[in-house]
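The residues making up each chain are set out below.
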Amino acid sequence: MNTHKLEMNAEQIVLRSFSEANLEKSRKWANTKLLHPLILRSSFVSNEEHRMWYQNLLVDPSKIVFAIHEKSSDIYIGNTGFYNYSCEHKRAEFWILIGEPEFWGKGFGFSTLRLMLQYGFQELSLNKICILVSVKNSPAIRLYQRCGFFTEGILRKHYYIKNEYIDVYSMSLLRVEYNELD
Ligand SMILES: CC(C)(COP(=O)(O)OP(=O)(O)OC[C@H]1O[C@@H](n2cnc3c(N)ncnc32)[C@H](O)[C@@H]1OP(=O)(O)O)[C@@H](O)C(=O)NCCC(=O)NCCS
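The shown structure was predicted, so the numbers you read here are calculated from the model rather than taken from an experiment.

Caption draft 1: A look at the sheet that holds strand S3 (residues 64-70). What the 8 strands build is an open sheet, ordered S1-S2-S3-S4-S5-S6-S8-S7; its pairing is mixed. With one partner strand each, in any of the chains shown, strand S1 (7-9) and strand S7 (150-161) form the two edges of the open sheet. Put simply, the sheet's adjacent strands are angled 25 degrees from each other on average, direction ignored. Two strands pair when backbone bridges link them, and S3 and strand S4 (residues 76-86) are joined in this way by 6 bridges, in the antiparallel orientation. Pairing of Ile-64 across the sheet is with Phe-82, part of S4. Relative to the sheet, helix H1 (residues 23-30) contacts S4 and strand S5 (91-98), its axis offset from that of S4 by approximately 80 degrees. Seen against the sheet, helix H5 (residues 138-146) touches S5, strand S6 (128-134) and strand S8 (164-174) and runs at an angle of roughly 155 degrees to S6.

Caption draft 2: Up close: the site of the ligand. Around the ligand sit 21 residues in total, of which Ile-98, Gly-105, Gly-107, Gly-109 and Arg-146 are the nearest. Within the contact set of the ligand, an oxygen atom lies 3.1 Å away from a backbone nitrogen or oxygen of Lys-106. Between the ligand and the protein, one listed contact pairs an oxygen atom with a backbone N or O atom of Gly-109 at 2.7 Å. The fraction of the free accessible surface of the ligand (920 Å²) that becomes covered by protein chains is 76%. Elements with a contribution of two residues or more to the shell around the ligand: helix H2 (36-39), S5, helix H4 (108-123), S6 and H5. No other element matches the 6 residues that H5 contributes to the shell around the ligand. Class assignment of the residues belonging to the shell around the ligand gives a composition of 14 nonpolar, 4 polar and 3 charged.

Caption draft 3: Structural context of the packing of aromatic side chains. According to the stated counting rule, one finds 11 aromatic pairs in the structure shown. Geometrically, the ring pair formed by Phe-94 and Tyr-144 is edge-to-face, given 6.3 Å between the ring centres and 85 degrees between the ring planes. Here the residue Phe-94 occupies a position in strand S5, and Tyr-144 occupies one in helix H5, the gap between them amounting to 50 residues. On the accessibility criterion, Phe-94 (5% relative accessible area) is buried. Ring geometry for Phe-121 against Tyr-178: centres 4.8 Å apart, planes inclined by 25 degrees, an arrangement best described as stacked. With a gap of 57 residues between them, Phe-121 in helix H4 and Tyr-178 in helix H6 (residues 175-180) connect regions that are remote in the sequence. When sorted by exposure, Phe-121 lands in the same class as Tyr-178, which is buried. Grouped by ring-pair contacts, the aromatic residues Phe-82, Phe-94, Tyr-144 and Phe-149 constitute a single cluster. Across from the ring centre of Tyr-83, 5.8 Å away, lies the NZ or CZ of Lys-63, which sits over that ring.

Definitions and limits used
- Residues numbered from 1 in each chain as written.
- Predicted model: local features only at pLDDT ≥ 70, side-chain atom pairs only at ≥ 80, totals over all residues.
- Heavy atoms only, no water.
- Pairing = 2+ DSSP bridges.
- Helix = DSSP H or I, 4+ residues; strand = E, 2+ residues; numbered from the N terminus.
- Axes fitted to C-alpha atoms, helices over the stretch in contact; angles between N-to-C directions.
- Contact = heavy atoms within 4.5 Å.
- Near = heavy atom within 4 Å.
- Polar contact = N/O pair within 3.5 Å; in protein donor to acceptor, adjacent residues only side chain to side chain.
- Areas by Shrake-Rupley, 256 points an atom, 1.4 Å probe, with all protein chains shown as cover.
- Nonpolar A, V, L, I, M, F, W, Y, C, P; charged D, E, K, R; others polar.
- Phe/Tyr/Trp six-rings, centres within 6.5 Å; stacked < 30°, edge-to-face > 60°.
- Buried < 20%, exposed > 50% of the residue type's maximum accessible area, 1.4 Å probe, protein only.
- Lys NZ or Arg CZ within 6 Å of the ring centre and 35° of its normal.

Fair warning: the whole summary comes from geometry, so function is off the table for now.
Have a look at this one:
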């Protein structure tokens, strides 16, 4: 059973454990073609597949997903989480999707990532948080660099999306580096 049920607060945002109430909007975002090269996916998600993904979340401890809410209005603006959380190796892969473009570039990604770093390193006792990001996704790369992530290398033509192979950066932040941040 996935026991990561909680709520976390920052100045601008609230993160709540992903719930059934988030399914409809999150499927809409997953099926927004504009987002596909950014979130590194290409296939359409049916309602049934999306519900199966959610059922799996409830029982798979390696996946931890939160809904991002803008704090003052409580509007649900996106999702974030860790995939491939490994207790053994003390590492996990971070991901984020702010689904509503009007909320981009306003600091919500930064607040979310800072909160997730705190949760990952302090609550989950991770040693390493990893990210794969398209080399063309400048806002995301900027965000990760700003939060101290190190570029480990390029995975060449790692994804095939919209008839195009996409190179991705493998980026990571270690606990020791996180502890040295302001
Ligand atoms: C990528 C994403 C998470 C960034 O979150 P955000 O709330 O838009 O970004 P923030 O406002 O917190 O800004 C973070 C940094 O990115 C920069 N940034 C934001 N929008 C930008 C843009 N369009 N172009 C270049 N840089 C941009 C900001 O300037 C800031 O850097 P700075 O502090 O040096 O100025 C968000 O835009 C998003 O979810 N996009 C769609 C899905 C996606 O790309 N997910 C990531 C997959 S790896």
